[in-house]
Every structure is written in C-alpha cells, then in structure tokens.
Amino acid sequence: STNIPDRIMDNMTTVLFGLNALAAFAQAHSLPSPLFDPDAIINSFLKDIIEETQARIALDTLLEKLATIVERQPIRTPYIIRGIDFMTEGQILYLRLKQCIDPFKRWAREHNYRGEILEYQSYRKMLKERLGTYVVEEDRQKHFGNTKNRYVWIDIKKALEFGIDLQGFLGSPISLD
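Every value quoted in this text rests on a predicted model; they were computed, and no experiment measured them.

## Section: the overall build of the chain
1) Next: Assigned secondary structure in the chain consists of six helices and four strands.
2) Next: For the chain, the α and β elements follow one another from N to C terminus as α-α-α-β-β-α-α-β-β-α.
3) Next: Across the 177 residues that make up the chain, the buried fraction comes to 37%.
4) Next: A sequence separation of at least 24 residues applies to 56% of the contacts in the chain between residues at least 6 apart.
5) Next: For the chain, the accessible area works out to roughly 11,100 Å², and carbon and sulfur atoms hold 51% of it.

## Quick word on helix H3 (residues 58-72)
1) Next: Here H3 contains 15 residues, and its C-alpha end-to-end distance of 21 Å stays within 8% of the 21 Å for a straight helix at 1.5 Å per residue.
2) Next: Every buried residue of H3 is listed here: Ala58, Leu59, Asp60, Leu62, Leu63, Leu66, Ala67, Ile69 and Val70.
3) Next: Buried positions along H3 lie against strand E1 (86-89), strand E2 (92-95), helix H4 (97-110), helix H5 (120-130) and strand E4 (147-155).

## Some points on the packing of H3 against H4
1) Next: In the contact formed by H3 and H4, the axes pass within 11 Å of each other and the chain directions differ by 75°. Taken together, the axis directions place H3 and H4 in an arrangement best described as roughly perpendicular. The segment H3 lies against H4, with Leu59, Leu62, Leu63, Lys65, Leu66 and Ile69 engaging Leu97, Cys100, Ile101, Phe104 and Trp107.

## Things to note about the packing of aromatic side chains
1) Next: If you walk through the whole model with that rule in mind, you get seven aromatic pairs.
2) Next: When the ring of Phe86 is compared with that of Phe169, the centres are 5.0 Å apart and the planes differ by 70°; the resulting orientation is edge-to-face. Remark: Phe169 occurs in the segment after helix H6 (156-161) and Phe86 occurs in strand E1; sequence separation between them is 83 residues. One exposure class covers both Phe86 and Phe169, and it is buried.
3) Next: When the centroid spacing of 6.2 Å and the interplanar angle of 75° are considered together, the rings of Tyr94 and Tyr151 count as edge-to-face. Taken together, the residues Tyr94 in strand E2 and Tyr151 in strand E4 connect sequence positions 57 residues apart.
4) Next: Linked through ring pairs, Tyr94, Tyr151 and Trp153 together constitute an aromatic cluster.

## Observations regarding the sheet that holds E2
1) Next: Taken in spatial order, the four strands make up an open sheet running E1-E2-E4-E3, and their pairing is antiparallel. With partners counted over all chains shown, the strands left at the sheet margins are E1 and strand E3 (135-144), one partner each. Each strand of the sheet is rotated relative to its neighbour by a mean of 35°, with strand direction disregarded.
2) Next: Both E2 and E4 contribute to a ladder of four bridges, which runs antiparallel. Along E4, the bridge assignment pairs Leu95 with Val152.
3) Next: Strands in contact with H5 are E3 and E4; relative to E3, the strand with the most contacts, it is inclined by about 110°.

## A word on the environment of Ile154
1) Next: With respect to the helices and strands, the residue Ile154 is situated in strand E4.
2) Next: With a relative accessible area of 0%, Ile154 lands in the buried category.
3) Next: Spatially, the C-alpha atoms of Ile154 and Leu63 are 9.9 Å apart, while their sequence positions differ by 91 residues.
4) Next: Those residues in contact with Ile154, other than ones at most four positions away along the chain, are Leu63, Gln91, Ile92, Leu93, Leu95, Tyr134, Val136 and Leu166.

## What to know about the side chain of Asp60
1) Next: In this fold, Asp60 is placed in helix H3.
2) Next: On the basis of relative accessibility, which here comes to 1%, the residue Asp60 falls in the buried class.
3) Next: Filtering out sequence-adjacent residues up to four positions away, Asp60 remains in contact with Ala55, Arg130, Tyr134, Phe162 and Ile164.

## Quick notes on the pattern of salt bridges
1) Next: Taken as a whole and assessed by the stated rule, the structure comprises 10 salt bridges.
2) Next: Two residues, Arg56 and Glu64, come together in a salt bridge whose shortest N-O distance is 2.5 Å.
3) Next: A relative accessible area of 23% places Glu64 in the partly exposed class.
4) Next: In this structure, Glu89 engages Lys142 in a salt bridge whose closest nitrogen and oxygen atoms are separated by 3.3 Å. Residue Glu89 is found in strand E1, and its partner Lys142 is found in strand E3; the two are separated by 53 residues along the sequence.
5) Next: By relative accessible area, Lys142 is classed as buried at 18%.
6) Next: One network of salt bridges, in which partners are shared, links Arg124, Lys128, Glu138, Asp139 and Arg150.

Reading the values: the criteria
Residues numbered from 1 in each chain as written. Predicted model: local features only at pLDDT ≥ 70, side-chain atom pairs only at ≥ 80, totals over all residues. Heavy atoms only, no water. Helix = DSSP H or I, 4+ residues; strand = E, 2+ residues; numbered from the N terminus. Buried < 20%, exposed > 50% of the residue type's maximum accessible area, 1.4 Å probe, protein only. Contact = heavy atoms within 4.5 Å. Areas by Shrake-Rupley, 256 points an atom, 1.4 Å probe, with all protein chains shown as cover. Expected span 1.5 Å × (residues − 1). Axes fitted to C-alpha atoms, helices over the stretch in contact; angles between N-to-C directions. Parallel < 35°, antiparallel > 145°, perpendicular 65-115°, else oblique. Phe/Tyr/Trp six-rings, centres within 6.5 Å; stacked < 30°, edge-to-face > 60°. Pairing = 2+ DSSP bridges. Salt bridge = Lys/Arg side-chain N within 4 Å of Asp/Glu carboxyl O.

Following this line, the structure appears as structure tokens:
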C-alpha cells in the first residue's frame, strides 16, 4: 500500500465530504443528484498525485519563490544575497535556507503574498523528504573563499526535472539536455 501524506488524505476527505454534502443537498431539495464514484475519485487522486508525480510540498514552492526573488529583486536593497545567502557552482545551489526565511517573510509581507509560509523547522523536515531527489545534502559545510558555512545542497537540473524552476539562482537558463 502507498504511504499517503496526511495533507493528501485531508484533501481527499474534504473533496469527498463536499461531494456527499452536495448530493444530500440536491436530494433534500428534489434536485438532480450529482453522480460520482468515490473509489474512482480516490484512485484518480492516488494516480495523479502520488504515483505519477511527487506531491508538491511547501519546500518546493519556497525554493521556487526564492529563485524568482533573487532574479527580480532590486539591486540596491536585495532580499537574498549571492555570496552570503547562497552560492552556485555548476548546477549545484548552496543555500543557507535558515537565513533566507526572514527575508522571504519580509518579501511576502511587502508583496501581499498569500501562499503558505512555514517556520524553518518545518522546511527542515521537508528537506529530509526530498533528500535523494533534487536535495543532495540537507546540511553540510562548504568553503567559499575564506568563509565556511552550512548549506543545503540542491541540484538545480534535478529540481527542474522534478518541476521546480530554480534558474533564477543561476541568472541564465539551463537545458535539460
């Protein structure tokens, strides 16, 4: 059996509850009842969300938003700074994720972002979930010049194959070829 994340189960439960409530409402008011097959809905969810593609999690969205912020941020007042908050070498992104959360929250407030924003520890748990996909290392030291910090190591090309566009960190598009 498939290990289904709680948030996916909650979404399936909500959809089925809503459809059952709609059917009950229709019946109570002598309206045509919607026809649906709960098993088909569940199987469709599992096929589309679990089997064919890895379910998108808040970490995926955060990383994509950070890449967009880096690409579009003002030069004079950047939110996330190359050489301090992140570095790239080839297709590897070295990201000090913990240091990026507060600037991301500031950006979100200033731009009325309505998406999900979690605390750092929640993102850390998600890093473990993505380890072996596009996350190469979840917390490893790396030297850049005279500085040594702990970074999340991310393979940008694997992230792109996974459906997460992090090219904003590179400054120029990459190819999947």
